[in-house]
Structure formats: C-alpha cells, structure tokens
Amino acid sequence: LDTQPLLILTELITLYLVLGVLYESLLHPLTILSTLPSAGVGALLALIVSGTEFSIIALIGVILLIGIVKKNAILMIDFAITRERMGFTPSQAIYRACLLRVRPILMTTLAAMLGALPLALGSGDGAELRRPLGLSVLGGLVLSQLLTLYTTPVVYVTLERLRSRWLRARRREHVAIQAA
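None of these values were measured; they are calculated from a predicted model.

### Re the overall build of the chain
Okay, step 1: Check the secondary structure of the chain and you find 6 helices and 0 strands.
Okay, step 2: Put simply, the chain runs from its N terminus to its C terminus through helices and strands in the order α-α-α-α-α-α.
Okay, step 3: Each of the three principal axes of the chain carries a C-alpha extent, and together these read 75 × 40 × 25 Å.
Okay, step 4: Residue burial in the chain is summarised as follows: out of 180 residues, 37% are buried.
Okay, step 5: For the chain, the exposed surface amounts to about 10700 Å²; the carbon and sulfur share of it is 69%.
Okay, step 6: On the chain, the mean spot of the 16 positive side-chain charges and the mean spot of the 10 negative ones are 15 Å from each other.

### Quick look at the environment of Pro118
Okay, step 1: Checked against the element boundaries, Pro118 lands in helix α5 (residues 90-121).
Okay, step 2: Taking relative accessible area as the criterion, Pro118 reaches 54% and is therefore assigned exposed.
Okay, step 3: Taking C-alpha positions, Pro118 is 16 Å from Leu64, a pair spaced 54 residues apart along the chain.

### Points about a positive patch on the surface
Okay, step 1: Together, Arg161, Arg165, Arg168, Arg171 and Arg172 give the surface a local cluster of positive charge.
Okay, step 2: For Arg168, the location among the structural elements is in helix α6 (residues 127-179).

### Some details on the nonpolar core
Okay, step 1: One finds Ile94, Leu141 and Tyr156 to be the most contacted residues of the largest nonpolar core, which totals 34 residues.
Okay, step 2: At the level of secondary structure, the elements contributing two or more residues to this core comprise α1 (4-23), α2 (28-33), α3 (36-50), α4 (56-85), α5 and α6.
Okay, step 3: Looking at which element gives the most residues to this core, the answer is α4, with 12 residues.

### Structural notes on α6
Okay, step 1: With 53 residues, α6 extends 72 Å between its outermost C-alpha atoms, agreeing within 8% with the 78 Å of an ideal straight helix rising 1.5 Å per residue.
Okay, step 2: In α6, a bend of some 45° at Thr148 exceeds every other bend along the element.

### Quick notes on unusual backbone geometry
Okay, step 1: Even without a glycine there, the phi angle at Glu24 is positive, about 50°.
Okay, step 2: Within the secondary structure layout, Glu24 lies in the loop between α1 and α2.
Okay, step 3: Here Glu24 falls in the exposed class, since its relative accessible area comes to 74%.

### Remarks on α4
Okay, step 1: End to end, α4 covers 43 Å across 30 residues, agreeing with the expected 44 Å (1.5 Å per residue, within 8%).
Okay, step 2: Phi turns positive one or two residues past the end of α4, at Gly87, with a value near 110°.

### Remarks on the packing of α5 against α6
Okay, step 1: Where α5 meets α6, the closest approach of the two axes is 9 Å, and the angle between their N-to-C directions is 175°. With respect to α6, the axis of α5 lies roughly antiparallel.
Okay, step 2: Looking at the contact of α5 with α6 residue by residue, the classes come out as 22 nonpolar, 4 polar and 4 charged.

### A word on the side chain of Ser25
Okay, step 1: Note that Ser25 resides in the loop between α1 and α2.
Okay, step 2: By relative accessible area, Ser25 is classed as buried at 15%.
Okay, step 3: Polar contacts involving the side chain of Ser25 include one to the main-chain amide nitrogen of Leu27, which spans 3.0 Å.

### A few points about the packing of α1 against α4
The angle between the axes and the distance between the axes are what describe a pair of packed helices.
Okay, step 1: In contact at an axis separation of 12 Å, α1 and α4 are set at 20° when each is read in the N-to-C sense. The angle between the axes of α1 and α4 places the two elements in the roughly parallel class. In the packing of α1 onto α4, the handedness of the crossing is right-handed. From α1, Gln4, Leu7, Ile8, Glu11, Leu15, Leu19 and Tyr23 reach across to α4, where they touch Ile56, Leu59, Val62, Ile63, Ile66, Lys70, Ile74, Asp78 and Ile81.
Okay, step 2: Partitioning the contact of α1 with α4 into residue classes produces 12 nonpolar, 1 polar and 3 charged.

The rules we used
- Residues numbered from 1 in each chain as written.
- Predicted model: local features only at pLDDT ≥ 70, side-chain atom pairs only at ≥ 80, totals over all residues.
- Heavy atoms only, no water.
- Helix = DSSP H or I, 4+ residues; strand = E, 2+ residues; numbered from the N terminus.
- Buried < 20%, exposed > 50% of the residue type's maximum accessible area, 1.4 Å probe, protein only.
- Areas by Shrake-Rupley, 256 points an atom, 1.4 Å probe, with all protein chains shown as cover.
- Lys, Arg positive; Asp, Glu negative; His and termini not counted.
- Charge placed at Lys NZ, Arg CZ, Asp CG, Glu CD.
- Patch = residues over 30% accessible without salt bridge, like charges linked within 9 Å, V, L, I, M, F, W, Y side chains within 5 Å.
- Salt bridge = Lys/Arg side-chain N within 4 Å of Asp/Glu carboxyl O.
- Core = buried A, V, L, I, M, F, W, Y, C linked by side-chain atoms within 4.5 Å.
- Expected span 1.5 Å × (residues − 1).
- Bend = angle between axes of the 7 residues up to and from the residue.
- Axes fitted to C-alpha atoms, helices over the stretch in contact; angles between N-to-C directions.
- Parallel < 35°, antiparallel > 145°, perpendicular 65-115°, else oblique.
- Nonpolar A, V, L, I, M, F, W, Y, C, P; charged D, E, K, R; others polar.
- Polar contact = N/O pair within 3.5 Å; in protein donor to acceptor, adjacent residues only side chain to side chain.
- Left-handed = near helix turned anticlockwise from the far one by under 90°.
- Contact = heavy atoms within 4.5 Å.

In structure tokens form, the structure reads like this:
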C-alpha cells in the first residue's frame, strides 16, 4: 500500500479544518488551498525535467512547499478579510491586499528559493539524497509564485460572490417562510 497520497490527503484535510476554525468559514480555506495544485505541479515538473525520481525526500519537499505556498495565500486572504470587515467590497479588499502584501510574499518566497538552491545544485557526498528536496521546493515555488498572485484573487472574489448569492437566497427563503 502506497501511503504517500494518503499522507498528503490527510495533511490537506487537517489544513482545511484548522483554517476553517481560524477563519470561521467554509470558503476561505478553499481559497487558500486552491494555491496548492500549482505548487505540486511545479514540484513534479521540476523532478521530471531533471530526471529525478519522486522519493520520500521529494515528498518532504512537497510538504515543506505546502507550508510556504499556503502562507503566501494566508497573507493575502487575511488582509482582505480584515479590509472587508472595514466595509470594502471583496474586489476592493483583495486588490488592496495584493498591492500591500506582494512584497512580503516575494521576499519570503525568494528566501525559500535561495535556501533550496544549494540543495538542488549541490554536489558531493549525499547530494543525491538532498537533490530531490531542493528541486521539488524550487520547482513548486517558481510555478506557484507565477500563478497564485493571479489566481488567488480570482478564487477569492468568485467564492465571495457565491457566498453572497447563497446568503441572499437564504434570506428570501426566510422572508417567504415568515410571510406564510
């Protein structure tokens, strides 16, 4: 029985539950977790291009990657939620969050990439063990950074629109029941 997919699935469920409790929402954790597929694809592409096998060390890199990419989305979403509570529309809130949080996101991502670079390019004793870790982190960070700065705001606004439509429909149902 291959436990790697089960391990990642368990991690995602745990993340969703913790984020759901943190934000008291069922939708905002989905927005944050929507950033993870691009990171996973980037990690796999980096391993494929380099001809490196997906090993337990590469899996550790993917788990590390999930934490870093998730943090980037949390920086944006948390700021946007705060702005929404101040009266901004979801579009205005996430736009402002993107403008003000892009620098810290880029700085932390660049620091993680520079930290993974010696692992990916290193040679010598044990390099074949560390290389999958560095490659998966580098590939995942590059692709997720390119995509998530664009996709996270779109997912956030889309889910907020769906939530507001659902709330309006529930209010209409409640009013109809009250009137009857």
